[in-house]
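Chains, contacts and geometry: an overview
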Amino acid sequence: MPYSNVPSLPRLTRLLRAAAALCLLLNLLNLLVHGPASAGSAPRWAGLAHTSFRHLPQLDLSSGMCFAQDAQGFVWIGTQAGLVRWDGNRYVKYVADAARDDALPDSYLTSLHIDSNGRLWAGMNSGGLVRYDAARDRFVRYNGLRDPRVSAITDDGQGGLWIANGAGLDHLAADGKFNRLGDDWGAAALRDTGIDTLLRDADGTLWAGTRSGLFQLRQGQPARQVALGGKTGLAVVQLLRDSAQRLWIGTRTSGVFLLAADGAGATPLIESGPVSTLQHEWIWSMIEAAPGEIWFGTSGANGGIVVLDVQNNVTHRIRHRSDSPDSLFDNDIMAMYRERSGVIYVSHMTGTSQHNPQPRMVATIRHAEAERSGVLSVPAMMQAPDGKLWLGTLSNGIDIIDPYRGYIGRVAAGASLPQGRVLALAPGPDGEVYIGTQRGLFVTSADGSHTRRVRLPQRRDEEEVWVLTMVGRTLWLGGLDGVWALDLPPGGQPRVLRHESKSLGDSRVSAILPAGDEVWVGTRNGLARLGPDAVEVIPSELAAPDRLPPGYVSSLLIDGQGRLWISNFGTGLVVLERTDADGRRRFRRLGMQQGLPDSGANKLLQDRDGMIWASTDNGLARIDPRTLAVRSFGGAEGVHIQTYWTNSGTIGADGELLFGGLSGVSVVRPQWQNAWQYQPPVVVTRILLNDQDIPSGIYNTGLGAKAPPITVSTAARERGFSVEFAALDYTAPERNHYAYQLKGFDSGWVNSEAGLRRASYNNLPPGDYLLQLRGSNRNGDWSAPLQVPVRVLPAWHQQPLTRVALAVLALLLCFGLLQARTAYLRRRQRELEAMVQARTAELRATQAQLETLAYGDPLTGLANRRLFNDQLRHLTAQAERGGPAFTLLLIDLDRFKPVNDTFGHDAGDAVLIASADRLRTAIREADRPFRLGGDEFAVLLAQATDADTLAPVCARILDSMATPLPHGEAVITISASVGAAIYRPGDSHEQVYKRADIALYNAKAAGRHTWRLAE
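Nothing here was measured: the structure is a model prediction, and the numbers come from that model.

**Quick notes on the overall build of the protein chain**
- The helix and strand tally for the protein chain stands at seven helices and 72 strands.
- Here the C-alpha coordinates of the protein chain stretch approximately 130 × 105 × 60 Å along the principal axes.
- Within the protein chain, buried positions represent 51% of all 1015 residues.
- Looking at the protein chain alone, contacts between residues at least 24 apart form 54% of all its contacts between residues at least 6 apart.
- By element, 52% of the accessible surface of the protein chain is carried by carbon and sulfur atoms, the whole surface being about 46,200 Å².
- For the protein chain, the distance from the average site of its 103 positive side-chain charges to the average site of its 102 negative ones is 2 Å.

Printed below as a string of structure tokens:
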């Protein structure tokens, strides 16, 4: 078909050459102005990488003003509403209590400090200074400050503390007494303004930030003010000494300064880019996120976190984005902290977020342009010969990005390139780029400036193009109409060399892999091999493990051993291991049982070391082709894109593996892999003895078996004790493993879920025990066990002397009574035997009748409301003591009254009896059904405690109840509505019932014949 709207080929060639020359000239000018992009200036992808945060939903963790990590590993957060201890799973909050001398005097925390002895100190807005006594779980107050507003605390190097407050500088000696030592350091001159921040150097020099500027304090010398940018009087609110011993100074209104090496003055930090606003912003917090990387927390119109790469003197901002749920929670930063394993906490007024900077192997690209709203969704990508990355998007055409300079340009969807999804990209033999879309095949110039449609005489222009693969001058194209091989002569029209459709077994082509003289073609339902003269459709069989499973083939790969790898969207990965002499293909399957994070595999890539990488619908996986060992990578390893597009991926110019996802691009740098080796401390977080909290801190001090035992008295033996514990790996707490063992009672280790982490015991025999608690990091590497001694006291009758005396007395009494009783028993034996036989039958009948009347429903044979209430109370009490959760179902027959009115009460009774039988059939034997009265039933479920497991149970009940019931000549059809409530900690049995009743009401209101789960 002639191109009526396209220039002639010679003219087009001249235009393309002119465009290429213009691009080369522009690139040369760019190099002259900016210099070459190289790894020496900044890492590849650094300017595009997204900083991902994990947000902690607990409201009590918000409004944090300060952080600290104690010697045991707990993270403490001082907020405006109390002091919070966080273990990665559970928090404990301490607030002011005017009635207690051992409580906080003020809930507004302003400073936290861990001294050289590992003790936690806290300063408050108006409550002065306290020390936390971990062994007794209480606070010790220290009176004597000249001003109760404590803004900063630091060690003095001799076992005491320097305390910065509203009246200047106070000193607490090692003996716990205040003195005026600060006056000898020149601090008397700072009393009028007070001190807002304080830092002590290793040589004892103090740096004091005040509302009047920065001062250097040395013993026996007057305070020396340091000019900031040539100015004095700037309010200093933050100080940071980094690992290279640089002193960073944060101000209230003038940004950040760096102290000169001679300490004589400080220079301001200017942001990278055309406009710098940092020098006019309030610096709320400063941390060294990594060696040579400083974070400055700001607030205000621009706000967010300014990140400085010290070596390259380059900055960028981390800010909140409404289109990225894992972006910074808020742009107003209140405090930041880096705990020992490297996790960074960022506090805002409405929440706290954490970021793990350690896994640098994977970079996430969420946005091609920072100013453009909406995250990237990349169904196709291509590594261009010039090093740039082309990203095909859902509806915005193609974004072109550079690993060093970021966004370069776009092939916009519009007049030349149609709206819709870009499905495939392939570099052409002459520098052009071929584009597969939902509306046909297109080609564009190397810079994307000139785009046109490619028309094939035998193919409809608007036919979708799902796969493009270039080999020499042959372009392989796959779509819903099969596979095409196109010859691309220089300057000429594409010519069809081959077309296969129905011969593939499925004409919907999803992957193409040329391999020598043959071409492997993946379809949406299988695999085919194209030989020079024939097509082989590979048989598939789901039941046979060594056969190809049927399903969507999303990508293909040949590994270093020459084996074909197949990613299957539904069954995982498949490896062609061998071909038998009879031509039968033998495959090996790798699914979730072998370690894949999800059975939906999307794209296969091979790194420079020969390792196979796969994107899935739940993160990434790496497979060793020699052993087929699978390792999954998720959020803790830096993979912050959960779901990926099928067959979207490429290998970067520097060996990176790039995978296109529904919410961005994952850039994997395999050479940057670092095994997570952090060994988290295991700590006791809570102890309940006889349902009462007791202090647990003493067991986290390293005493082990020498610590005072948990003493279980006789009165407490029935309820016993429970110990909650945690491994303080904050990177992915849900992946930590837990186990416990009570030496002297348990024969081995007992595993505990990460969400529970509790060892509970009751009714133990008297004696001394040793409870061992162990936890792992996110990779499952166990830390050393924590030991907690336990002592169970004997009852009075279990004392040794008491037992001997009782035994002797019992023998004497038995001997005397034996003689008397023998005669009496023989006389009564004959009488009793007759009476027993007569009464036994009566009692059995009576007991059966009473039990039926008391606890059974005479019509249906189900348990009645009375037994239901007893069982509900029992399960609630068990759950309150740490037992398993349960679920209550309330079931009501829909429109039951018309059955009685229309067919009579006999029909109504038949419906109730049938409903009871169906209910028994629909549930498990471990679950208990009840009839509460009328047409109302209930079920107590012992194991289904979430929506996913409840759904099939409720569906079976609804389907069973809706089955028509023959009655005489009539057929009665009814339905049922179900309300479900899962027990929540703290619920009473009345609350569980009320929540289920409300859910039943909602099910009725939703149109009946459905079920609802209470919130």
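Having put the structure on the table, let's press on.
**Comments concerning the sheet that holds strand β72 (residues 1011-1013)**
- The strand order across the open sheet built from five strands is β67-β68-β66-β71-β72, with neighbouring strands paired in mixed fashion. The sheet is open, and its two borders are formed by β67 (928-933) and β72, each paired with just one other strand. With strand direction ignored, the average angle separating the axes of adjacent strands in the sheet is 20°.
- Both strand β66 (residues 887-894) and strand β68 (residues 936-941) contribute to a ladder of six bridges, which runs antiparallel. Following the sheet pairing, leucine 890 is matched in β68 by alanine 938.
- Along the sheet, helix α6 (residues 947-961) contacts β66, β68, β71 (975-982) and β72; its crossing angle with β71, the most-contacted strand, is approximately 160°.

**Let's talk about the UniProt feature "domain: GGDEF" (unreviewed entry) in the protein chain**
- In the numbering used here, UniProt assigns the feature "domain: GGDEF" (unreviewed entry) to residues 884-1015.
- Secondary structure over residues 884-1015 splits into 43% helix and 28% strand, and the C-alpha atoms at its two ends are 19 Å apart.

**Things to note about the sheet that holds strand β20 (residues 256-259)**
- Strand order in the open sheet formed by eight strands is β14-β15-β16-β17-β21-β20-β19-β18, with mixed pairing between adjacent strands. Of all strands in the sheet, those bounded by a partner on one side alone are β14 (197-200) and β18 (236-241). Across this sheet, the average inter-strand angle for adjacent strands is 25°, counted without regard to direction.
- Two elements, strand β16 (residues 213-217) and strand β17 (residues 224-228), share three bridges in a ladder whose sense is antiparallel. Considered in β17, the bridge of glutamine 216 is made with arginine 224.

**A word on the side chain of aspartate 399**
- For aspartate 399, the position within the fold is in strand β32 (residues 398-402).
- Of the residues examined, aspartate 399 reaches a relative accessible area of 0% and is grouped as buried.
- A polar atom in the side chain of aspartate 399 sits 3.0 Å from the side chain of arginine 372.
- For aspartate 399, the residues in contact, after removing those within four places along its chain, are Ala368, Arg372, Leu376, Leu389, Trp390, Leu391, Thr393, Tyr407, Gly409 and Arg410.

**A look at the pattern of salt bridges**
- One pass over the structure, following the stated rule, counts 62 salt bridges.
- Among the salt bridges present, the one from glutamate 369 reaches arginine 372, with a minimum N-O distance of 2.9 Å.
- In this structure arginine 372 comes out as buried when scored by relative accessible area, which is 16%.
- A salt bridge links arginine 924 to aspartate 927, with the shortest nitrogen-to-oxygen separation between them at 3.0 Å.
- Overlapping salt bridges, with partners in common, bring together Arg90, Arg686, Asp693, Glu724 and Arg758 in one network.

**Observations regarding the domain arrangement of the protein chain**
- When the domains of the protein chain are assigned, the result is domain 1 (58-180), domain 2 (701-790), domain 3 (799-841) and domain 4 (855-1014).
- The C-alpha-based centres of domain 2 and domain 3 are spaced at 46 Å.

**Considering unusual backbone geometry**
- The phi torsion at asparagine 313 lies on the positive side, around 55°, for a residue other than glycine.
- Relative to the assigned elements, asparagine 313 resides in the loop between β24 (304-309) and β25 (314-318).
- The class for asparagine 313 is exposed, based on a relative accessible area of 53%.
- We note that arginine 895 has phi near 55°; this positive angle belongs to a residue other than glycine.
- Assignment of secondary structure puts arginine 895 in the loop between β66 and α4 (897-903).

**With respect to helix α5 (residues 905-922)**
- With 18 residues, α5 should cover 26 Å at 1.5 Å per step; its first-to-last C-alpha distance of 25 Å lies within 8% of that length.
- Listed in full, the buried residues belonging to α5 are Ala907, Gly908, Val911, Leu912, Ala914, Ser915, Ala916, Arg918, Leu919 and Ala922.

**Notes on the packing of helix α3 (residues 865-880) against helix α7 (residues 989-1005)**
- Running from N to C, α3 and α7 cross one another at 115°; their axes reach a closest spacing of 9 Å. By the angle between their directions, the pair α3 and α7 is classed as roughly perpendicular. Along the contact surface, α3 presents Arg865, Phe868, Leu872, Arg873 and Thr876, while α7 presents His989, Val992 and Tyr993.
- Residues that form the contact of α3 with α7 fall into these classes: four nonpolar, two polar and two charged.

**Structural notes on the pairing of strand β9 (residues 138-142)**
- Bridging between strand β8 (residues 129-133) and β9 involves five bridges; their strand directions are antiparallel. Paired with tyrosine 132 across the strands is phenylalanine 139, a residue of β9.

Thresholds, definitions, all that
Residues numbered from 1 in each chain as written. Predicted model: local features only at pLDDT ≥ 70, side-chain atom pairs only at ≥ 80, totals over all residues. Heavy atoms only, no water. Helix = DSSP H or I, 4+ residues; strand = E, 2+ residues; numbered from the N terminus. Buried < 20%, exposed > 50% of the residue type's maximum accessible area, 1.4 Å probe, protein only. Contact = heavy atoms within 4.5 Å. Areas by Shrake-Rupley, 256 points an atom, 1.4 Å probe, with all protein chains shown as cover. Lys, Arg positive; Asp, Glu negative; His and termini not counted. Charge placed at Lys NZ, Arg CZ, Asp CG, Glu CD. Pairing = 2+ DSSP bridges. Axes fitted to C-alpha atoms, helices over the stretch in contact; angles between N-to-C directions. UniProt positions renumbered as here; feature names shortened; annotations may be inferred. Polar contact = N/O pair within 3.5 Å; in protein donor to acceptor, adjacent residues only side chain to side chain. Salt bridge = Lys/Arg side-chain N within 4 Å of Asp/Glu carboxyl O. Domains from an automatic or database assignment. Expected span 1.5 Å × (residues − 1). Parallel < 35°, antiparallel > 145°, perpendicular 65-115°, else oblique. Nonpolar A, V, L, I, M, F, W, Y, C, P; charged D, E, K, R; others polar.

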